[in-house]
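# Inside the fold
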Amino acid sequence: MSLYRSVVWFAKGLREYTKSGYESACKDFVPHDLEVQIPGRVFLVTGGNSGIGKATALEIAKRGGTVHLVCRDQAPAEDARGEIIRESGNQNIFLHIVDLSDPKQIWKFVENFKQEHKLHVLINNAGCMVNKRELTEDGLEKNFAANTLGVYILTTGLIPVLEKEHDPRVITVSSGGMLVQKLNTNDLQSERTPFDGTMVYAQNKRQQVVLTERWAQGHPAIHFSSMHPGWADTPDRNEQELRKVVGEAQTASPLPRFLEIMMHEGKCQPQGHSSNDLEACWSSGGGEQNSLPDWPHQLHDLRQLTWALCSSFLLYKQGN
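These numbers were taken from a predicted model, which means no experiment stands behind them.

## Topic: the overall build of the protein
Summing up its helical and strand segments, the protein has 11 helices and 6 strands in all. Pairs at least 24 apart in sequence give 79% of the contacts found in the protein among residues at least 6 apart. Carbon together with sulfur atoms contributes 51% to the accessible area of the protein, which is approximately 14100 Å² in total.

## A short note on the sheet that holds strand 2 (residues 66-71)
Pairing is parallel across the open sheet formed by 6 strands, whose spatial order is 3-2-1-4-5-6. Whereas interior strands pair on both sides, the edge strands pair on one side only; in this sheet they are strand 3 (93-97) and strand 6 (223-227). On average, each strand axis in the sheet is tilted by 15 degrees relative to the strand beside it, whichever way the strands run. Taken together, the 5 bridges between strand 1 (residues 42-46) and strand 2 define a ladder with parallel strand orientation. Residue pairing for strand 2: F43 is matched across the bridge by V67. Here helix 4 (residues 51-62) sits on the sheet in contact with strand 1, strand 2, strand 3 and strand 4 (121-124), set at roughly 165 degrees to strand 2.

## Looking at the packing of helix 6 (residues 103-116) against helix 7 (residues 142-162)
Direction vectors running N to C along helix 6 and helix 7 enclose 15 degrees, while the axes themselves pass 10 Å from each other. When the interaxial angle is binned, helix 6 and helix 7 end up roughly parallel. Viewed along their axes, helix 6 and helix 7 form a crossing whose handedness is right-handed. Where helix 6 abuts helix 7, its residues P103, I106, W107, F109, V110, F113 and K114 lie against L149, G150, I153, L154, G157, L158 and V161. Looking at the contact of helix 6 with helix 7 residue by residue, the classes come out as 11 nonpolar, 2 polar and 1 charged.

## Topic: the pattern of salt bridges
Throughout the structure, instances matching the rule amount to 12 salt bridges. A salt bridge links E59 to R63; the shortest N-O distance between them is 2.7 Å. Residue class for E59 comes out buried when judged on its relative accessible area of 18%. E191 serves as the salt-bridge partner of R133, at 3.9 Å between the closest nitrogen and oxygen. Of this pair, R133 sits in the loop between strand 4 and helix 7 while E191 sits in the loop between strand 5 (169-173) and helix 8 (197-218), and the two are 58 residues apart along the sequence.

## Concerning unusual backbone geometry
The phi dihedral of D167 falls on the positive side, at around 55 degrees, and the residue is not glycine. As for its placement among the helices and strands, D167 is situated in the loop between helix 7 and strand 5. Even without a glycine there, the phi angle at S190 is positive, about 55 degrees. Its place among the elements puts S190 in the loop between strand 5 and helix 8. With relative accessibility at 11%, the residue S190 sits in the buried group.

Cut-off values and rules
- Residues numbered from 1 in each chain as written.
- Predicted model: local features only at pLDDT ≥ 70, side-chain atom pairs only at ≥ 80, totals over all residues.
- Heavy atoms only, no water.
- Helix = DSSP H or I, 4+ residues; strand = E, 2+ residues; numbered from the N terminus.
- Contact = heavy atoms within 4.5 Å.
- Areas by Shrake-Rupley, 256 points an atom, 1.4 Å probe, with all protein chains shown as cover.
- Pairing = 2+ DSSP bridges.
- Axes fitted to C-alpha atoms, helices over the stretch in contact; angles between N-to-C directions.
- Parallel < 35°, antiparallel > 145°, perpendicular 65-115°, else oblique.
- Left-handed = near helix turned anticlockwise from the far one by under 90°.
- Nonpolar A, V, L, I, M, F, W, Y, C, P; charged D, E, K, R; others polar.
- Salt bridge = Lys/Arg side-chain N within 4 Å of Asp/Glu carboxyl O.
- Buried < 20%, exposed > 50% of the residue type's maximum accessible area, 1.4 Å probe, protein only.

Below is the structure:
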């Protein structure tokens, strides 16, 4: 991580990703864009049992949308579904248990979902930040498997369903942390350098943005966007700590010093999910919905990353 990238990321973060950044941006929110009803629209939210994913699902449910929650763990997911139904009065909340680091599970889920449901909006919210290199049972590095490959398989598989509907959208919850990493397609499994979970996570988030650009080029009928929710606080960890909400993160945060410095500047959950709601439910324009700024990507990098992901998945399927 270069000093330049670190300074740019932190300066931008202090200005835009904090509570004060939200308070400044929300002055431009247009109430008419926010207070809408969306009955008949179908949403799929990954990692919807906690944090920003749950808050987003609840706001969609309150506005009459049908919500499919894709979560890893049955018990907390059932609790979240029940809470969303009680608070919203909306019974059209459905639960699917899927481990998004497992290609087989994702593919099976997608095939079944395509046969049984329609979909207007996919929200790729879930993710993980594992600070020690761990492999899934399929031999995939866990962060890459969940944050990049899982998102790729789920999104690519659901594109045909989305293309059948009016105003389809895909929103991927990325992170401003990607600003500290250049795209690197030569070590997707984090095998060739000392492992740093924070930097691997940042690399995964950059990969998500690159994929979003690639999908947008190839599927103009779908609105693709990536967004950063800001440095959002969540009750799923110590309430005195600030951490990046990454859906169903499994490990303690690897950013203790950052949390200590920024704990009083973090957004609350409604502030964190606000831009997600704007992108998911309402027309573009107004509010705090920003695609992540970035230096221009080289086209061969886009092709290389997409090919690497395709190859990884196709080789995996071929062996199973």
